[in-house]
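One-letter residues, chain by chain:
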Amino acid sequence: MEIWINPACSKCRSAVDLLDAEGAEYTVRRYLDDVPSPGEIRAVLERLGLEPWDITRTQEAAAKELGLREWPREAGSRERWIEALSAHPELIQRPIITADDGTAVVGRTDEAVRDALGR
């Protein structure tokens, strides 16, 4: 199990605290320092069963500068979104937990973190 975190994020800290409390074995990826490649983003999206716009923080300054709210949310624009997430990792929703069964969850709630633990 791996968790992508921003240590400054309270949701990330809560998820790590819960994983620790449950005795989970996991690795931490500080994705702002260890930026995911477009291929890694594609892989995590497949595991999540989501599209890149589903995990994009559109209220961030970089999103506003790029005009992401106006970008088409369709298959033809998918790669453009993925490239933006890789170039601006602060736009990636957090935390993302990759479960041992090959799936992943966005662990913004205790429920989601426990779901990942049960997989």
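Just so you know, these numbers come straight off a predicted model, no measurement behind them.

J.: Give a description of the packing of aromatic side chains that names residues and reports values.
T.: In this structure the tally under the stated criterion is two aromatic pairs. Ring centres of W53 and W81 lie 5.8 Å apart, and the angle between their planes is 70°; on these two criteria the pair is classed as edge-to-face. You can see W53 sitting in the loop between α2 (38-48) and α3 (61-66) and its partner W81 sitting in helix α4 (residues 78-87), a full 28 residues away along the chain. We classify W81 as buried; its relative accessible area is 1%. With a centroid separation of 5.5 Å and 80° between ring planes, the pair formed by W71 and W81 is classed as edge-to-face. Of this pair, W71 sits in the loop between α3 and α4 while W81 sits in helix α4; the two residues are 10 residues apart in sequence, bridging distant segments of the chain. Comparing W71 with W81, the two get one shared label, buried.

Here is what the cut-offs are and how they apply
Residues numbered from 1 in each chain as written. Predicted model: local features only at pLDDT ≥ 70, side-chain atom pairs only at ≥ 80, totals over all residues. Heavy atoms only, no water. Phe/Tyr/Trp six-rings, centres within 6.5 Å; stacked < 30°, edge-to-face > 60°. Helix = DSSP H or I, 4+ residues; strand = E, 2+ residues; numbered from the N terminus. Buried < 20%, exposed > 50% of the residue type's maximum accessible area, 1.4 Å probe, protein only.

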